[in-house]
Amino acid sequence: MLKYILRRLLHLIPVVFIISVLIFGIIKMAPGDPVGSRLDPKATAAQKAAERARLGLDKPIPVQYFNWLRRSIKGDFGDSYMYKQPVSKVVPGFIGNSFILNIVTYFLAFAISIPIGIVCAVKQYSTTDNFWTVFSIIGISMPSFFFGLLLIYIFSVKLNMFPINGMITPGKNAIGLARAKDIIYHMVLPAVVLTFGSMASLIRYTRTSMLEVINQDYIRTARSKGLTEKIVIYKHAFRNALIPIVTIVGFSIPGLFSGAVILERIFVWPGIGNVMMDAISARDYNMMMALNMFFALLTLLGNLLADIGYALVDPRIKVD
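Residues numbered from 1 in each chain as written. Predicted model: local features only at pLDDT ≥ 70, side-chain atom pairs only at ≥ 80, totals over all residues. Heavy atoms only, no water.

### Section: the overall build of the protein
Piece 1. A count of helices and strands for the protein gives 14 helices and 0 strands.
Piece 2. Its helices and strands in sequence order give the protein the pattern α-α-α-α-α-α-α-α-α-α-α-α-α-α, from N to C terminus.
Piece 3. Oriented by its inertia axes, the alpha-carbon framework of the protein measures out at about 85 × 60 × 35 Å.
Piece 4. Expressed as a percentage of the 320 residues in the protein, the buried residues total 43%.
Piece 5. Pairs at least 24 residues apart make up 73% of the contacts formed inside the protein by residues separated by at least 6 positions.
Piece 6. Split by element, the accessible area of the protein, about 17,700 Å² in all, is 68% carbon and sulfur. (Helix = DSSP H or I, 4+ residues; strand = E, 2+ residues; numbered from the N terminus. Buried < 20%, exposed > 50% of the residue type's maximum accessible area, 1.4 Å probe, protein only. Contact = heavy atoms within 4.5 Å. Areas by Shrake-Rupley, 256 points an atom, 1.4 Å probe, with all protein chains shown as cover.)

As structure tokens, this is what we get:
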């Protein structure tokens, strides 16, 4: 296992290099540059040229890339044009805000969806199965921004039960437990929207995976040996149905940190998704490169952890 992990990590080096080249090239192909957003609209051509030279944007693109790569290897991702601070100081706080929201969402989604998916598979075509099938179809089909706006209208505007936006109450300098309660109070609506959307697909994945397993011969053999239905389902069937679920868990890792761009906009949640949108609008190249590379590394790490998880849940899978 250790040799496999080390070999995979070595294979990631050229992959990361290729991804960085592609991301850098795509960002540079986008129209505009940060100079327009930093200077007065009436700035002269000479002033724009001077600012472009100061930012290093007057050099050929390959030179700009290798300058960025050399700094990034040392941990210097440059200064954010928007925040006038090093990217390495700006990003952690916003990523932490997205992580708080998404870790709660994923925990609730997996904790609720997996048992429901198992029940739907065991009681196929029952009233319970039909109800959750309809629920899943609605959850997959309904746009998250529409559901979010609907909850805001009902629970914030009409009933005044929850705040419309933000992460903390303005002017309320709470600390400790009081601050945690305030964050949870603001988190309710966005967490419900994200959990609703995640549950819809997770229930379908779990149900389909379980249906493929419970009709196998070894499950009938386990039942014929007199094992209780609970042991047959949760010890024999569910473990063999974990492969697709492990895949989803691996792919969920980037989402824990990358944030939900649309919902963070709707609920004005100060997460990394909001920062990414602002960076794109302002052509903040250093911020965009740092965030995209971070998300790419998380995706590669998620794939690696999913492959390791396959071997842990299914002894038939080798990591040679």
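### Structural notes on unusual backbone geometry
Piece 1. Phi angles above zero are rare outside glycine, and Tyr125 is one such case at about 70°.
Piece 2. Topologically, Tyr125 is positioned in the loop between α5 (87-122) and α6 (127-141).
Piece 3. Positive phi values are uncommon outside glycine, yet Arg283 reaches one of about 55°.
Piece 4. Following the sequence through the fold, Arg283 ends up in the loop between α13 (272-282) and α14 (285-313).

### Quick notes on a nonpolar patch on the surface
Piece 1. Taken together, Phe145, Phe146, Leu149, Leu150, Tyr153, Ile154, Val157, Leu159, Met161, Ile164 and Ile262 make up a surface patch of nonpolar side chains, about 990 Å² in accessible area.
Piece 2. Turning to its location among the elements, Ile154 is positioned in helix α7 (residues 144-158).
Piece 3. On the accessibility criterion, Ile154 (33% relative accessible area) is partly exposed. (Patch = residues over 30% accessible without salt bridge, like charges linked within 9 Å, V, L, I, M, F, W, Y side chains within 5 Å. Salt bridge = Lys/Arg side-chain N within 4 Å of Asp/Glu carboxyl O.)

### Concerning the nonpolar core
Piece 1. Ranked by internal contacts, the top residues of the largest apolar core, which has 50 residues, are Trp132, Met199, Met210, Ile214, Phe238, Leu263 and Phe267.
Piece 2. Sorting elements by how many residues they give to this core places helix α8 (residues 177-214) first, with 14 residues.
Piece 3. In contact with Leu263, not counting residues within four places along its chain, are Ser144, Pro190, Val193, Leu194 and Val268.
Piece 4. Within the second largest apolar cluster, 26 residues are counted, among which are Phe24, Val90, Val275 and Phe295. (Core = buried A, V, L, I, M, F, W, Y, C linked by side-chain atoms within 4.5 Å.)

### With respect to the packing of α5 against α6
Piece 1. Put simply, α5 and α6 touch, their axes get as near as 8 Å, and they point 130° apart. Our classification of the angle between α5 and α6 gives oblique. Note on packing geometry: the crossing formed by α5 with α6 is left-handed. For the pair formed by α5 and α6, the contact residues are Ile116, Val119 and Cys120 on the first element and Thr128, Asp129 and Trp132 on the second.
Piece 2. Across the contact of α5 with α6, the residue classes break down as 4 nonpolar, 1 polar and 1 charged. (Axes fitted to C-alpha atoms, helices over the stretch in contact; angles between N-to-C directions. Parallel < 35°, antiparallel > 145°, perpendicular 65-115°, else oblique. Left-handed = near helix turned anticlockwise from the far one by under 90°. Nonpolar A, V, L, I, M, F, W, Y, C, P; charged D, E, K, R; others polar.)

### What about the packing of aromatic side chains?
Each aromatic ring pair is summarised here by two numbers: the centre-to-centre distance and the angle between the ring planes.
Piece 1. In total, this model carries 14 aromatic pairs according to the counting rule given.
Piece 2. With 6.3 Å between their ring centres and 70° between their planes, Phe17 and Tyr65 make a pair best called edge-to-face. Here the residue Phe17 occupies a position in helix α1 (residues 2-29), and Tyr65 occupies one in helix α4 (residues 61-73), the gap between them amounting to 48 residues.
Piece 3. Judged by relative accessible area, Tyr65 falls into the buried class, the value being 6%.
Piece 4. An angle of 75° between the planes, with centres 5.0 Å apart, marks the rings of Trp132 and Phe135 as edge-to-face. Placement of the pair is Trp132 and Phe135 together in helix α6, with a separation of 3 residues, close to one helical turn.
Piece 5. You can call Phe135 buried: its relative accessible area is 17%.
Piece 6. Three or more aromatic residues joined by ring pairs form one cluster here, namely Phe17, Phe24, Tyr65, Phe66 and Trp68. (Phe/Tyr/Trp six-rings, centres within 6.5 Å; stacked < 30°, edge-to-face > 60°.)

### Observations concerning the environment of Ser209
Piece 1. Structurally, the position occupied by Ser209 is in helix α8.
Piece 2. The sequence separation of Ser209 and Val192 amounts to 17 residues, and the corresponding C-alpha distance is 25 Å.

### Focus on the confidence of the model for the protein
Piece 1. Across the protein, the average pLDDT comes to 84, with 95% of residues at 70 or higher.
Piece 2. Mean pLDDT across the elements of the protein bottoms out in helix α2 (residues 35-38) (69) and peaks in α6 (91). (pLDDT = per-residue confidence, 0-100.)

### So, the side chain of Asn274
Piece 1. If you trace the backbone, Asn274 turns up in helix α13.
Piece 2. Setting aside chain neighbours within four positions, we find Asn274 in contact with Glu264, Arg265, Val268 and Trp269.

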